[in-house]
2 protein chains.
Amino acid sequence: MSEERTDIASLGEFGLIDHLTKNNETKQAGTLLSVGDDAAVIDHFGRQTVITTDMLLEGIHFDLMYTPLKHLGYKAIAVNLSDLYAMCATPTHVTVSIGISNRFSVEALDELYEGIYAACDKFNVDLIGGDTCSSQKGLVISITAIGEVAPDKYVTRSGAQKGDLLCVSGDLGAAYIGLQLLEREKRIYLENPGVQPDLQNKAYTVGRILKPEPRADIISWLEKHDIKPTSMIDVSDGLSSEILHLCKNSDKGCILYEEKIPIHDETKETALEFNLDPTTCALSGGEDYELLFTIKQEDYEKITLSEQISVIGYMTEASEGANLLTKGGNKHKLIAQGWNAFSTEKNS
Amino acid sequence: MSEERTDIASLGEFGLIDHLTKNNETKQAGTLLSVGDDAAVIDHFGRQTVITTDMLLEGIHFDLMYTPLKHLGYKAIAVNLSDLYAMCATPTHVTVSIGISNRFSVEALDELYEGIYAACDKFNVDLIGGDTCSSQKGLVISITAIGEVAPDKYVTRSGAQKGDLLCVSGDLGAAYIGLQLLEREKRIYLENPGVQPDLQNKAYTVGRILKPEPRADIISWLEKHDIKPTSMIDVSDGLSSEILHLCKNSDKGCILYEEKIPIHDETKETALEFNLDPTTCALSGGEDYELLFTIKQEDYEKITLSEQISVIGYMTEASEGANLLTKGGNKHKLIAQGWNAFSTEKNS
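A quick note: this is a predicted structure, and the numbers were derived from the prediction, not measured. (Residues numbered from 1 in each chain as written. Chains lettered and ligands numbered in written order. Predicted model: local features only at pLDDT ≥ 70, side-chain atom pairs only at ≥ 80, totals over all residues.)

A look at the pairing of strand 8 (residues 231-234) of chain A
Residues and elements named next belong to chain A.
And step 1. Neither face of strand 8 is exposed, since S231 and I233 on one face and M232 and D234 on the opposite face are all buried.
And step 2. In this sheet, strand 10 (residues 291-295) lies alongside strand 8 in antiparallel orientation, the contact comprising four bridges. Among the inter-strand pairings, S231 is bridged to a residue of strand 10, identified as T294. (Buried ≥ 20, exposed ≤ 12 C-beta atoms within 10 Å, placed from the backbone. Helix = DSSP H or I, 4+ residues; strand = E, 2+ residues; numbered from the N terminus. Pairing = 2+ DSSP bridges.)

Shown next as structure tokens:
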């Protein structure tokens, strides 16, 4: 963070908005009107619009002790775009609303927006509006992302059929392990501020929690290979929870093979350091922002061409339930043990 | 509020979303996919999409000591729709994100959503998605509203021409007076909880702050009478601040006649009880959610047909500045003294 500190109050609300959006360039031909009016205007040329929204609250979704603001801004956009890719849509626009307290300087906000704009640039998305207001305590970020899709080409959670193959992109559980590492270093630092953080050889897992990348590449690959998933969801709450969503919305059951779940070597090794089972981290960890989807069996050969996609199971009748087949050959009912915002919360 | 209390934790995040959206019916033919997937899908039939977003934070934008949750939900939608009407757009969809702490019961959230759905019903808008998460402290509401407009029929802040007439709907300053009344009753209550609130004959002003109505009727009226404003903005921060926005964005100056500013009798009387100048309340009070717009002089005769619209001044060259002509015949520079979120905030 910069040494300089400009009080937010010195700019005023409108000055702050001007400041934060002065370098905001629109990239989409359809952006007729962007930041600076009551609302934004988008022309659609006959395509369908897809909209998603996510709120991130300090102390709940992120801890500023170990989250650089630039990464936070990038991640806030990334997790919304991930929801759009999970519909097979192409992100086009975002709105960003921020609630901040006076403890943030303009320089700190600039860092946050640097990350926001970096993600917008990378994924070719226009920032078209938002709201900036003060909060009594803590940072609040609320983002709405808008995308487009050719008529009726979007993919929902409800289209999986019996026999469809269950697939997932990338690998799972790393973000959860990254979070454990950051929490451990925070505890050590709070006990002894002289100790330097020890995150050597942990770049992959820490990177996964701090700077997740939405899988635009998977959507392009599927399109290029003419594979239309029958159902899809992004992995934000943990594999178990997301599989159960697909099963419930599609009214199907499934078999998930433990041995097929993709887990990075660094995740496995670090999980063991924490006495955690790597499979449990993948099933319940969350924040991976990979794509979980089902395809028709006839697409199996094509799917194997991608090193970024693993076939991890298949869909069954709903009456058979959602099951995990372990490496030891046992069958367990899948249960959602992912992040539950409300039961873990302290009373306040 | 209901006597019953169901812990939010007992429902879980997904149970809570199901609970809050179980009665959510879509009304727009273009709503292809609504709540319950990664994102919502809207078909546009070749019309242009207009998007706006607003965040409301407890302790900054509302005080739950005197704001019924149902009214708050209604208002949260209303202020977003007001931004769309200020573009001459027709609202079609909203997303609602909520951050809540455990001190809220499910019944309390139901009340909030009752207001949200009441506003959606009244203005024929679909709630198509959102996010619900826990907050460490305080209620956070973030809404994105989407509307449509026939190609290139939207009205911006930047189209005012020299000689155009400056108009405003309804009356101004009442919401600010309503807020003063509620704050006064809160102070009295905190000093002596036995005293009953005295808001007799204050229904209009108190109603204006608690349950503002976006001016859909004005947009319909203008359309029916074939009047297209040359520029428009909604009055959220006070008349002065909004006039200065129109002047700045249109690169014009203006003359505003103090005697023409519409102020309700109850506002005038109550302002005097508080030793406040009614004109100052109108200029700097804010939260009126009326429409401020400019029209061509040739539309003057038609505008006088509406009892809901006042002509309050006219636009000049930018070099002449934005001026208030007082009842006493003096000319003052207009300055924005409206709500400034940052300079009035306490350090935290």
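Okay, back to it.
What about the sheet that holds strand 12 (residues 322-325) of chain A?
Residues and elements named next belong to chain A.
And step 1. Spatially, seven strands are ordered 8-10-7-11-9-12-13 in an open sheet, and the strand pairing comes out mixed. Both edges of this open sheet fall to strand 8 and strand 13 (331-333), since each of them pairs with a single strand only. Direction aside, neighbouring strands of the sheet carry axes that sit 25° apart on average.
And step 2. Sheet strands in contact with helix 7 (residues 239-250) are strand 8, strand 9 (252-257), strand 10 and strand 12, and its direction is about 150° off that of strand 9. (Axes fitted to C-alpha atoms, helices over the stretch in contact; angles between N-to-C directions. Contact = placed C-beta atoms within 7 Å.)

What about unusual backbone geometry?
And step 1. Its identity is not glycine, yet N275(A) carries a phi of approximately 60°, on the positive side.
And step 2. Its location among the elements puts N275(A) in the loop between helix 8 (265-273) and helix 9 (278-284).
And step 3. The class for N275(A) is exposed, based on 6 C-beta atoms found within 10 Å.
And step 4. In the Ramachandran plot, C88(B) falls in the positive-phi region, its phi being about 70° despite a non-glycine side chain.
And step 5. For C88(B), the position within the fold is in the loop between helix 2 (69-85) and strand 4 (90-100).

What to know about helix 3 (residues 106-122) of chain B
Residues and elements named next belong to chain B.
And step 1. Its 17 residues give helix 3 an end-to-end C-alpha distance of 24 Å, which sits within 8% of 24 Å, the value for a rise of 1.5 Å per residue.
And step 2. Residues of helix 3 that are buried include every one of L109, L112, Y113, G115, I116, Y117, A119 and C120, and no others.
And step 3. In the segment just after helix 3, N124 is the residue with positive phi, at about 60°. (Expected span 1.5 Å × (residues − 1).)

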